[in-house]
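Descriptive analysis of the structure
So you can see what is in the structure, the chains are spelled out below.
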Amino acid sequence: MIVLNRLTKRYTKTLAVNDLSLAVPKGEIFGFIGPNGAGKTTTIKMMAGLMAPTSGSVSICGIDMAENPREAKARIGFIPDRPYLYEKLTGMEFLKFIARVYGMVPDGFKEKAQFLLDRFALADWADDLIEAYSHGMCQRLVMVAALLHDPEVIIVDEPMVGLDPVAVILVKRIFRELAEKGVTLFVSTHSLGVAQDVCHRIGIIHRGRLIATGSLDQLRERARAADADLEAVFMALTAENSNPM
Amino acid sequence: MKTVTTLLLPRLWPLKRPVASGMMKRSFRLCILGGIGAAFWIGIFGVSMRVLRYFRGIEEVGDLILAKLLSMMLITVFSLLIFSAILTCLSKLYLSKDLSLVFSLPVERHQIFIARWLESTFDSAWMVMLYTLPVLIAYGIAYDASSMYYAYLPVALVPLAAVASGIGALVVILAVMVIPANRIRTLFVFFGLFAFIAVYIAFRLLRPERLVDPEAFATVLVYLHALKSPDFPFLPSTWAYDGIHGLLAGDAAQGLFAASLSLAATGLLYCAMVITADTVYFSGLSRAQTVKERLLEPRRKPALKKSRLPGPVRAFAEKEIKTFFRDQTQWSQVFLIAALVVIYIYNFKVLPLERSPIQALYLQNLLSFLNMGLVAFVLIAVTARFAFPAVSLEKEAFWLVRACPVRIRTYLWVKFVIYFLPLLILSEILIVGTNLLLKVTPLMMGLSTVTLCLLVPGVVCLGVGLGAAFPDFNSENPAQSVTGWGGLLFMMLGAFFVGAVILLEAGPVYRFFMARVKGHALFLSDWIFAGVSLAGVLVLAGLAVWVPMRHGEKKLTEMDI
C-alpha cells in the first residue's frame, strides 16, 4: 500500500531524511516515532505530495507520487498536525469543498458528511463558521474531511494534538476499525502511548534515518530490553544511535 | 476548468452569505470606506474632465497631447499591474497558508496554478482598474464617443490585467527556480523600489511639464515629432491604447484588431503558464518549504549597551530593535524612506523661485510654512507604515505580552520611544534641509523645527495608540493592518491634527510677518493672539499624545486573545 524507496530529502545544509526505505502493507497501522527534528514531518510531507524528495520515491497503492500525483493523492486521506482551514467557511461548506475536489456525488456526500460529523461530535457546529471552532474541533473536522472520500491510505501527523480524552479514545477506535476494513494508516506521533496502543508496527526515525522497525516485541528485542514499555525502548534505541561508533 | 472553479469556491462562498446581525458595525465602516473611495473616483473624474476639456480647446496639438497622455497612462497602468501582480502571485503561489491543504488534494498542479493566477489577476488589478475607469470615461465624454466605446473598455482592460498578471506569474515561477520563495519577496521589493526610484528620477530629469509648453522646444516641428512618435508595437498597453483610441475616433475595426491581439496574447500566456506550472511549479514550492536563510548574519551583541532601563522595559526595547533590523522586509522600507528624503529635498532645490513674479521673501516664507504641513503628511505616511503596525507585528506571539508582568501602558510607551526618535530625526532633516534651500528667515526656521517637535509625538502616539486599538494579529503581513478601518481612522485624525496645528499657527505667523515687512512693532492684540494660538497648539499636541495611547491601552487590555 505504502512503499518508500530510498527516500532522501536534503535542505541546503541539512540532510532531513536519509535514504529511508519502508513498506506498509494493506490494513496495517504503522507508527512513526522519533525525537524533534528527526525528519518525521518532512517524510510525511513527501508522502502526501507536499514536497518533492531530493531522491528516492513514494508509492501509494502502486502509484508513484512523482509520476502521477493526482491519482496517488486521490487514494490518500491526509491529516496534518497544524491543519489550515478556511475560517470564513462553515464546517459543512468546507466538507462540501473537499467533496467536490474529490469528485464525490452531492447525494452521497451529504449522508457521508452527516454520518462522520455525528461520529466526531461536530454535527451541532456544522453550520457555524470555522473561525469559531476550538483547536480540537478543527482537528476533528480535518479528520472528517480526510475520511470523507473513503481513502485507501491515511497519513496522519500528530493525530491526538488538541483532542480531549473522549476524542482520543474515539480516534483510536476509528483507526482500529479502519485498519480492520483494509485501510492502511501511517501515523506519525510524539505520543508513545498512542503508538503502543494502536500501531501494529512501529518505525523509529532519528537524524533522518530509520533506525528500527518492527512490532513492540521486536523493538524490545532489538533494544535488549525485555518487558520494557515503548518509552524505554525508544530511549534506548535513540541513545544507541546518538553515540558515534 | 471545473476543478479550477472548485478551487476558487472557498473564496467565493463567504461572499454570498447574508449579513449577520453583528455585522452592522462592519457594514458602517465599509460604507465610510466606500464613500471615501467614491469621492476619490469622482475627484479623478472631475479633474480628468477639466484637463481633457482644456486640451481639447487647444487647436492642432490638443488632441496629440491627449493621445500621448492616454498612451503614457496606459503604459503606467500596465507597469503598475505587472509590479502588483508579481507581489500578489508570489504570495498566492508560494507563501499562502492554504497551500499545504490544496497540494494534498487530487488536482493537477496547473489547475492550482491557474486558480491562483485568476485570484491574483483580480486582487492585483481591481483597484488600478477601478481608478483608471473615470479617466477613460472622461475621455469618452470629451470625445463624444459612442456607446460602443464604453462597452469596449472592459474588452481592452481585462486582457491587459490578465496579460500583466500572467507575466507576473511567469516572472515569479521562473525567479523561484533560482531563489527560494521565502527570500524572493524581499528581493522583489528591493528591485521594485530601485525601478520606481530610477523611473522617478528619469521622469524628473525629462521634465514632462515641458510637454505642455511648446516654447521650451527649439521648434514646433521638434515638438510635434515628440508627440507623434509611436509607442512600442509589441506592448499590450499599446494594443489597449490602439483599441481605445480607435473607438474614440469611431474606428471599430481598429478596436477589434487590438482586442484580438490582446486576447491572443492572453491565450498564449495561458498555455505558457500551464506548461510551466506542470514542469517547475511544484519543485519551486518544495524549495519554498526549506529553512529560511538570511542575507546577513544577525548581530549577537545586545542592542542596548549598559542601559539603566528597568529589566522588562529593556527586554521589550531590545526585542523591538532586534526584530526590526532582522526583518529583511523592513530594510527595503528604510531604503525607500532614504530615497524619499532625497527626492523631497531635490524637489525644493529645483523650485524656480527667482523667476516668480511674487516677492521672493514672501514666497520663501509662505512655502516654508506650507512645507511644515507637507513634512507632517510625510510623517503620517511613514508612521502609518512603521508605528501603526507595531503592535500587530507581535502576531500570534502577543500572548507573551499579555502573560508577562509588564503593564500594557509600559509596553506601548516602549513602542512609542522606539519609533519616536527616528521619526523625529527624519522630520527635522526634511524641514531643516528644505528650509536651508529656501533660505527662510530664522523665525520661520525656528517655528518649523519647534512645530515639528510638537507634531511628531502626537502623530506617533496616534499611530501606536490606534494601532493598539485596532490590531491584526492574524494577518500574514501585519504592515497591511493600516489598510483597515483603524488605519483609515489614524490617517483622518492625523490629517486633522496636523491641519489644526497649521491653521492655529497661520494667523499669528501672518501678523508677525506683515509687521516685519511693513516695519512696524507688534501690537498687544498680536501677542495675545499668538499666545492663545500657541496654547491651542500645546493643548492639541497634548491631547494627541494622551488620548490615543490611553484608548489603545484600554482596548488592548480588554481584548480577549
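So, a few notes on the structure that sits alongside this text. As the structure is a prediction and not an experimental result, all values here were calculated from the model.

Definitions and limits used
Residues numbered from 1 in each chain as written. Chains lettered and ligands numbered in written order. Predicted model: local features only at pLDDT ≥ 70, side-chain atom pairs only at ≥ 80, totals over all residues. Heavy atoms only, no water. Helix = DSSP H or I, 4+ residues; strand = E, 2+ residues; numbered from the N terminus. Buried < 20%, exposed > 50% of the residue type's maximum accessible area, 1.4 Å probe, protein only. Areas by Shrake-Rupley, 256 points an atom, 1.4 Å probe, with all protein chains shown as cover. Contact = heavy atoms within 4.5 Å. 1 Å grid on protein atoms, 1.4 Å probe; cavity = no way out; pocket = protein on both sides within 12 Å on 5 of 7 lines; lining within 4 Å. Points joined across faces, edges and corners; volume = space filled by probe spheres on them. Nonpolar A, V, L, I, M, F, W, Y, C, P; charged D, E, K, R; others polar. Pairing = 2+ DSSP bridges. Axes fitted to C-alpha atoms, helices over the stretch in contact; angles between N-to-C directions. Parallel < 35°, antiparallel > 145°, perpendicular 65-115°, else oblique. Left-handed = near helix turned anticlockwise from the far one by under 90°. Salt bridge = Lys/Arg side-chain N within 4 Å of Asp/Glu carboxyl O. Expected span 1.5 Å × (residues − 1). Patch = residues over 30% accessible without salt bridge, like charges linked within 9 Å, V, L, I, M, F, W, Y side chains within 5 Å. Lys, Arg positive; Asp, Glu negative; His and termini not counted. Charge placed at Lys NZ, Arg CZ, Asp CG, Glu CD. Buried area = accessible area lost by both parts, 1.4 Å probe. Core = buried A, V, L, I, M, F, W, Y, C linked by side-chain atoms within 4.5 Å.

Here the focus is the overall build of chain A. Secondary structure assignment for chain A yields 9 helices and 10 strands. When the 245 residues of chain A are sorted by exposure, 56% land in the buried category. For chain A, the computed accessible surface area is about 11000 Å², with 49% contributed by carbon and sulfur atoms.

A few words on the overall build of chain B. A count of helical and extended segments in chain B gives 18 helices and 0 strands. Every one of the 561 residues in chain B was classed for burial, and the buried ones make up 46%. A separation threshold of at least 6 residues defines the contact pool for chain B, and within that pool the share at least 24 residues apart is 82%. Just so you have it, chain B exposes about 28800 Å², and 71% of that area is on carbon and sulfur atoms.

Inspection of every chain in the model, using the stated rule, returns 3 cavities of 30 Å³ or more. Taken as a whole, the largest cavity encloses approximately 200 Å³ of empty space. Around the largest cavity, the lining is made up of 18 residues, and of these Phe78, Ile98 and Val142 of chain A together with Leu101 and Ser104 of chain B lie nearest the centre. The residue makeup of the lining of the largest cavity, split by class, is 14 nonpolar, 4 polar and no charged. Forming the walls of the second largest cavity are Ile79, Phe120, Met143, Leu147, Ile154, Val171, Ile174 and Phe175 of chain A. Broken down by secondary-structure element, the contributors of at least two residues to the lining of the second largest cavity are α5 (135–147) and α6 (165–180) of chain A.

The next point concerns the sheet that holds strand β8 (residues 184–188) of chain A. All names here are of chain A. Pairing is mixed in the open sheet, where 6 strands are placed in the order β6-β7-β8-β3-β9-β10. Of all the strands in the sheet, just β6 (76–79) and β10 (209–214) have a single pairing partner and so form its edges. Between one strand and the next, the sheet's axes are offset by a mean angle of 15°, whatever the strand orientation. Running over the sheet, α5 touches β6 and β7 (153–157) and is turned about 170° from β6.

Glancing now at the packing of helix α9 (residues 236–248) of chain B against helix α10 (residues 252–288) of chain B. Residue and element names in this part refer to chain B. Where α9 contacts α10, the two axes come as close as 7 Å, and the packing angle between them is 160°. Taken together, the axes of α9 and α10 lie roughly antiparallel to each other. Both α9 and α10 take part in a crossing whose hand is left-handed. Across from Trp239, Asp242, Gly243, Gly246 and Leu247 in α9, the residues of α10 making contact are Ala252, Gln254, Gly255, Ala258, Leu261, Ser262 and Ala265.

Turning our eyes to something else, we now look at the pattern of salt bridges. Residues and elements named next belong to chain B. Using the criterion set out here, one finds 25 salt bridges over all chains in the structure. Note that Arg11 and Asp123 form a salt bridge whose closest N and O atoms lie 2.6 Å from each other. With Arg11 in helix α1 (residues 2–12) and Asp123 in helix α5 (residues 109–142), the pair connects residues that are 112 residues apart, well separated along the chain. A residue is classified by how much of its surface remains accessible, and Arg11, at 34% relative accessible area, is partly exposed. A salt bridge links Glu320 to Lys319, with the nearest nitrogen and oxygen atoms 3.5 Å apart. On the accessibility criterion, Lys319 (28% relative accessible area) is partly exposed. Residues participating in the shared-partner salt-bridge network are Arg11, Lys92, Glu119 and Asp123.

Further remarks concern the pairing of strand β1 (residues 2–10) of chain A. Residue and element names in this part refer to chain A. Of the strand pairs in this sheet, β1 and strand β2 (residues 15–24) are connected by 6 bridges, and their pairing is antiparallel. Pairing of Leu7 across the sheet is with Leu20, part of β2. Counted between consecutive antiparallel strands, the loop separating β1 from β2 contains 4 residues. As defined by bridge partners, β1 adjoins strand β4 (residues 55–60) across 5 bridges and the pair is classed as antiparallel. Directly across from Ile2, in β4, lies its bridge partner Ile60.

This paragraph deals with helix α18 (residues 524–558) of chain B. Residue and element names in this part refer to chain B. Between its first and last C-alpha atoms α18 spans 50 Å; for 35 residues at 1.5 Å apiece the expected length is 51 Å, and the two agree. Of the residues making up α18, those classed as buried are Asp526, Ala530, Ser533, Val537, Ala541, Ala544, Pro548, Met549, Gly552, Glu553 and Leu556. Taken together, the buried residues of α18 touch α14 (398–403), α15 (408–438), α16 (442–469) and α17 (485–518).

A word on a positive patch on the surface. Together, Lys96, Arg100 and Lys110 of chain A together with Lys2 and Lys16 of chain B give the surface a local cluster of positive charge. Along the chain, Lys16 of chain B falls in the loop between α1 and α2 (24–56).

To continue, consider the environment of Leu33 of chain B. Residue and element names in this part refer to chain B. Mapping Leu33 onto the fold places it in helix α2. Judged by its relative accessible area of 31%, Leu33 is partly exposed. Spatially, the C-alpha atom of Leu33 lies 7.9 Å from that of Trp485, the residues being 452 residues apart in sequence.

Turning our attention to the pairing of β6 of chain A. Residue and element names in this part refer to chain A. Side chains Ile76 and Phe78 of β6 all project onto a buried face; the interleaved residues Gly77 and Ile79 project onto the opposite face, where all are buried too. The pairing of β6 with β7 spans 4 bridges and is classified as parallel. Bridge pairing in β7 links Phe78 to Ile155.

Residue and element names in this part refer to chain A. It is at 10 Å that the axes of helix α3 (residues 91–101) and α5 come closest, and there the two elements cross at 30°. Classified by the angle between their axes, α3 and α5 sit roughly parallel to one another. Seen from above, α3 lies across α5 with right-handed handedness. Across the interface between the two elements, Gly91, Phe94, Leu95 and Ile98 of α3 pack against Leu141, Val144 and Ala145 of α5. A class-by-class count of the residues in the contact of α3 with α5 yields 6 nonpolar, 1 polar and no charged.

With that settled, consider the interface of chain B and chain A. At the interface, 28 residues of chain B touch 28 residues of chain A. Buried area between chain B and chain A, both sides added, is near 2800 Å², and the carbon and sulfur share of it is 65%. One can count 1 salt bridge joining chain B with chain A. Where Glu108 of chain B meets Arg70 of chain A, a salt bridge forms, and the shortest distance between an N and an O atom there is 3.8 Å.

Our next topic: the sheet that holds strand β5 (residues 63–64) of chain A. All names here are of chain A. The 4 strands lie next to each other as β2-β1-β4-β5, forming an open sheet whose pairing is antiparallel. Two strands bound the open sheet, and with one partner strand each, they are β2 and β5. Across the sheet, helix α1 (residues 40–47) is in contact with β1, β2 and β4; its angle to β1 comes to roughly 120°.

The next subject is the nonpolar core. Judged by nonpolar contacts, the single largest core of 173 residues is most densely connected at Phe94, Leu95 and Phe186 of chain A together with Ile244 and Tyr281 of chain B. Those residues in contact with Leu95 of chain A that lie beyond four places of it in its chain are Phe109, Ala113, Leu117, Leu141, Val144, Ala145 and Leu148 of chain A. Judged by nonpolar contacts, the second largest core, of 64 residues, contains Phe420, Val440, Leu455 and Phe497 of chain B.

A few words on the environment of Leu130 of chain B. Relative to the helices and strands, Leu130 of chain B is located in helix α5. Leu130 of chain B sits 89 residues away from Trp41 of chain B along the chain, and the two C-alpha atoms are 8.1 Å apart.

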